[in-house]
Amino acid sequence: MPASLPHARTTVLVADDDPVMRLLMLEMLAQVGLDAIEAHDGIEAVALAQSRRPDLVLMDVDMPRMDGFAACAAIRRTERDGACVPVVMVTGSDDIEAVTHAYEVGATDFVSKPINWPILGHRVLYVLRASDAIARLRIADAQNRAVLAAIPDTFFRLDQDGFYLDYEPGHERPGHERPGHERPGHGCPSLHAAATPAAGQIIGKHISDVLPTEIASRMLEQMKAVLATQQVRSVEYALVDCGEVQHFEARLVATGASQVLGLVRDISERKRAEEQIRRLAYCDSLTGIPNRQAFLETLERELQRAKMGNKKFAVLFMDLDAFKRINDTLGHNAGDQLLKMVSERLRETTRPSDLVSRGDSPAHGAPDAGGASNLARLGGDEFTILIPDLERVEHALNVAHRVKEAMRRSFIIEGNEIFVTASIGISLFPEDGDDCGSLLKFADTAMYHAKNCGKNNAKLYSSSLTMQIMSHVKLEVGLRKALQNDELYLMYQPQRDVRSGAIVGVEALVRWRHPERGLVAPTEFIPLAEETGLIVPIGEWVLRTACRQARAWQRLTQRTLRVAVNLSAKQFKDENLSQIVLSALHDTGLEPRLLELELTEGTLMDDARATLVTLEQLRGIGVHLSIDDFGTGYSSMNYLKRFDVRALKIDRSFISGLPEDSENAAITRAIIAMAHGLKMVVVAEGVETGAQLLMLEEYGCDMVQGYYLGHPSSADAITDMLQAAQLALPLK
């Protein structure tokens, strides 16, 4: 159990030059009962660390006058008497060098941007508890070492029949147990068994009454050999105390024709060192993760376990797309750095539930299956992941999807922003093979199939899923025909003014009615459109159709109504985007101010320099710009200032928990305050209850949309709403 925090209020020093980030941090810390003091830069942080002596420092890396690295180093230099305040650095999401540098200057932990705000306070509590526990452990360790330094070994004498003639326990673990002992893996011995036995409890007893049967038998065997040869022999064995394995060595020497003297020493540290050496033989020297040999042995053990237990498992084979190009253009050093970063990202992406984590005894010399040996680097840019106890194929596909998404985030290497994707093949046991070689080969084959299908893909080898693969291909063919066959149509979700209740805008949402399947979910065909590039022509059709409908409403109702259209990342990167928007506005006659283009934070941050150029072109046309799903990405005021958008749409994940979720409420209130400070309009998505609406009105939110206010509706239904009285019905 971790050490508990002191009863006094704990104080956290928050150092960040961005006032919005400080505001959000203070809000999250307050949610978990922590007091906070603020510093605007590194110099002020060092001064406050000395004068106020906070319990923890939460500090951004990038600050004026003195950055977080220098401030952390300065704080460490001023610490005395072994005191070490935990320092948590806030770094860029993919900046591995910054994380490494942070640890080098004395950081305790780091938090990556974008920050997961709801768990920030809990993360800080965990670091506080861990630091307190480490401090206690250091004190205990120093005391134990001082005591153990002067402790002699345990010794005993046995007669030729195995009865104890003498016994003198050392103050270290004696390496003996009374009846009631437990063998490894069988639980915790009783109190009397775990306690150090006294001489009176041992002398006169047979060794089999003191030690486990198997160990006693080996002792007697070696004792006979010692008496017969008059040479020193040793016996190594392990005992378990409440689940902790301790290793001992008993050295036996004859003291006459019928007696043996034994000395027992705890060799647990030596065993751990030997285990570490064995692990190095199974560890990839570049990345630090298990190598090919380790993975093959882990796979073989899992194969045998699955056969015995009638279980299923999956093998994922991942290869980086265009890795050779990076090696050729930036050099092998950059390629090695990329492989290290990829392996670290894979560690972070693979969940504990994906691990081979059992108490099975590994083969001699192999790494423990309880480690991360489900993940391995086979060589080059090839990685494998083992998913045991597979219940559904979708689980393997979900893991593959997480890996793909993790690889799509940029890597910063030697000042260069590098983007890579991954192709993944999946083989299944027992469907695809019943031996390690076949499963690995089939996963490799499926990986090449994924590359041939356009890269950045995950493909199953399993023949039983051929129909699903064909269905995917068929859906893609259908999507290519959907535009020309008029199978796509738009629905519009009303956006209402919070105070008046009037409909002031709509968001255009594309839908697909397949001639055979009927309605296809947007979550199914939109990713397919992105993957195939069809999102560009589909997006242009949506833009033109929405503009034409907005102009029709304007003519019919003699009032203005803004229409919001989502832009995908591929559309935003299209060099013809500005011309497409101009053409749609010109052909439909819609005023630019009545068109709002919605972009996600991820799209905006993909290439900040190119983003600024594109945004400037769009602003020059006169259209409005908004950030969709705000709060799920970078959420930095610095970027908001640079991008100069009209509106922020608070992601529905923050709204769904209102009004009960105090953390989401604090984040929502902070976002609204920040946006208003930057003269931006705030739109809340996913409003589904009256209580949520009342809270948003109280916080000063400008516009809302969601099922409580209106489901996505046809153009005719929106027309009826607008014509009802030229105003939307009251909200309350």
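Cut-offs used in this document
Residues numbered from 1 in each chain as written. Predicted model: local features only at pLDDT ≥ 70, side-chain atom pairs only at ≥ 80, totals over all residues. Heavy atoms only, no water. Buried < 20%, exposed > 50% of the residue type's maximum accessible area, 1.4 Å probe, protein only. Helix = DSSP H or I, 4+ residues; strand = E, 2+ residues; numbered from the N terminus. Arc of directions from axis to C-beta. Contact = heavy atoms within 4.5 Å. Polar contact = N/O pair within 3.5 Å; in protein donor to acceptor, adjacent residues only side chain to side chain. Pairing = 2+ DSSP bridges. Axes fitted to C-alpha atoms, helices over the stretch in contact; angles between N-to-C directions. Core = buried A, V, L, I, M, F, W, Y, C linked by side-chain atoms within 4.5 Å. Phe/Tyr/Trp six-rings, centres within 6.5 Å; stacked < 30°, edge-to-face > 60°. Lys NZ or Arg CZ within 6 Å of the ring centre and 35° of its normal. Parallel < 35°, antiparallel > 145°, perpendicular 65-115°, else oblique. Nonpolar A, V, L, I, M, F, W, Y, C, P; charged D, E, K, R; others polar. Salt bridge = Lys/Arg side-chain N within 4 Å of Asp/Glu carboxyl O.

**Re helix α2 (residues 42-52)**
Here α2 has its buried residues at Gly 42, Ala 45, Val 46, Leu 48 and Ala 49. Projected down its long axis, α2 shows its buried positions confined to an angular sector of 165 degrees, all on one face. Residues of α2 that are buried in the fold lie against β1 (11-15), β2 (35-39), β3 (56-60) and α3 (68-78). Where α2 starts, the residue carrying a side-chain oxygen 3.2 Å from the main-chain nitrogen of Ile 43 turns out to be Asp 41.

**A word on the environment of Ala 228**
With respect to the secondary-structure elements, Ala 228 resides in helix α8 (residues 213-229). Put simply, Ala 228 and Ser 258 are 30 residues apart on the chain and 9.7 Å apart in space, counted from C-alpha to C-alpha.

**Considerations on the pairing of β3**
Within β3, 5 of the 5 residues are buried, leaving the element largely enclosed by the surrounding structure. Because side chains alternate across β3, one face comprises the buried residues Leu 56, Leu 58 and Asp 60, and the other comprises Val 57 and Met 59, equally buried. Bridging between β1 and β3 involves 4 bridges; their strand directions are parallel. Bridge pairing in β3 places Val 12 opposite Leu 56. Of the strand pairs in this sheet, β3 and strand β4 (residues 87-91) are connected by 4 bridges, and their pairing is parallel. Paired with Val 57 across the strands is Val 87, a residue of β4.

**Quick word on the sheet that holds strand β6 (residues 154-159)**
Strand order in this open sheet of 5 strands is β7-β6-β10-β9-β8, and the pairing throughout is antiparallel. What marks the edges here is a single partner per strand, and that holds for β7 (164-168) and β8 (233-241). Averaged over all neighbouring strand pairs, the angle between strand axes comes to 20 degrees, with direction disregarded. The sheet contact formed by β6 and β7 spans 4 bridges and is antiparallel. Bridge assignment links Leu 158 to a residue of β7, and that residue is Tyr 164. Here α8 sits on the sheet and contacts β6, β8, β9 (244-254) and β10 (259-266); the angle it forms with β8, its principal contact strand, is near 165 degrees. Set on the sheet, helix α9 (residues 268-281) makes contact with β8, β9 and β10; between it and β9 the angle comes to about 115 degrees.

**A word on the nonpolar core**
Nonpolar side chains tend to gather and get buried jointly when the protein is soluble and globular. Core analysis: the biggest nonpolar cluster contains 101 residues, and Val 581, Leu 595, Leu 597 and Leu 648 have the highest contact counts within it. With residues near it in sequence (within four places) discarded, Val 581 still touches Leu 543, Leu 595, Leu 597, Leu 618, Ile 621 and Val 623. Grouped together as the second largest cluster of nonpolar side chains are 33 residues, Leu 316, Ile 387, Val 403 and Ile 418 included.

**Considerations on the packing of aromatic side chains**
In total, this model carries 8 aromatic pairs according to the counting rule given. Linked through ring pairs, Phe 156, Tyr 164 and Tyr 167 together constitute an aromatic cluster. Arg 345 extends its terminal NZ or CZ atom over the ring of Phe 411, reaching a point 3.7 Å from the ring centre.

**Focus on the sheet that holds β3**
Sheet architecture is open: 5 strands sit in the order β2-β1-β3-β4-β5, paired in parallel fashion. Each having just a single partner strand, β2 and β5 (109-112) make up the two edges of the open sheet. Across the sheet, the mean angle separating the axes of adjacent strands is 20 degrees when strand polarity is ignored.

**Observations regarding unusual backbone geometry**
A cis amide bond links Phe 429 to the next residue, Pro 430, at an omega of 10 degrees. On the secondary structure map, Pro 430 appears in the loop between β16 (422-429) and α14 (436-452). For the peptide bond that leads from Leu 658 to Pro 659, omega is 0 degrees, which places it in the cis range. Checked against the element boundaries, Pro 659 lands in the loop between α23 (652-655) and α24 (662-677). Of note, the phi angle at Gln 230 is positive, near 60 degrees, even though the residue is not glycine. Unlike most non-glycine residues, Asp 486 shows phi in positive territory, near 55 degrees. Along the chain, the position of Asp 486 falls in the loop between α15 (466-482) and β18 (488-497). Among the residues examined, Asp 486 registers a relative accessible area of 66% and is labelled exposed.

**Section: the packing of helix α11 (residues 323-330) against helix α12 (residues 332-349)**
When two helices pack together, their arrangement is given by the angle between their axes and by how far apart the axes lie. The N-to-C vectors of α11 and α12 enclose an angle of 140 degrees; their axes lie 6 Å apart at closest approach. The angle between α11 and α12 falls in the class oblique. Each of Phe 323, Ile 326, Asn 327 and Leu 330 in α11 lies in contact with α12, whose residues at this interface are His 332, Ala 334, Gly 335, Leu 338 and Leu 339. Tallied by class, the residues present in the contact of α11 with α12 amount to 6 nonpolar, 3 polar and no charged.

**Quick notes on the pattern of salt bridges**
On inspection of all chains with the given rule, the structure shows 33 salt bridges. Residues Arg 305 and Asp 389 are paired through a salt bridge, measuring 2.5 Å at the closest nitrogen-oxygen approach. Of this pair, Arg 305 sits in helix α10 (residues 292-309) while Asp 389 sits in the loop between β13 (382-387) and α13 (393-408), placing them 84 residues apart in sequence. The exposure class assigned to Arg 305 is buried, which follows from its relative accessible area of 18%. A salt bridge links Arg 392 to Glu 394; its shortest N-O distance comes to 3.6 Å. When its relative accessible area of 53% is taken as the criterion, Arg 392 is described as exposed. Through salt bridges with shared partners, one network takes in Glu 236, Glu 249, Arg 251, Arg 270, Lys 271 and Glu 274.

**Observations regarding helix α4 (residues 96-104)**
Every buried residue belonging to α4 is among Ala 98, Val 99 and Ala 102, and all of these are buried. On an axial view of α4, the arc spanned by its buried residues comes to 100 degrees, and they lie on one face. Buried-residue contacts for α4 involve α3, β4 and β5. Gly 106 sits one or two positions beyond α4 and adopts a positive phi of about 115 degrees.

**Things to note about the pairing of β10**
Taken together, the 6 bridges between β6 and β10 define a ladder with antiparallel strand orientation. Bridged to Phe 156 within β10 is Gly 262. Two strands pair when backbone bridges link them, and β9 and β10 are joined in this way by 7 bridges, in the antiparallel orientation. Note on β10: the bridge partner recorded for Leu 252 is Gly 262.

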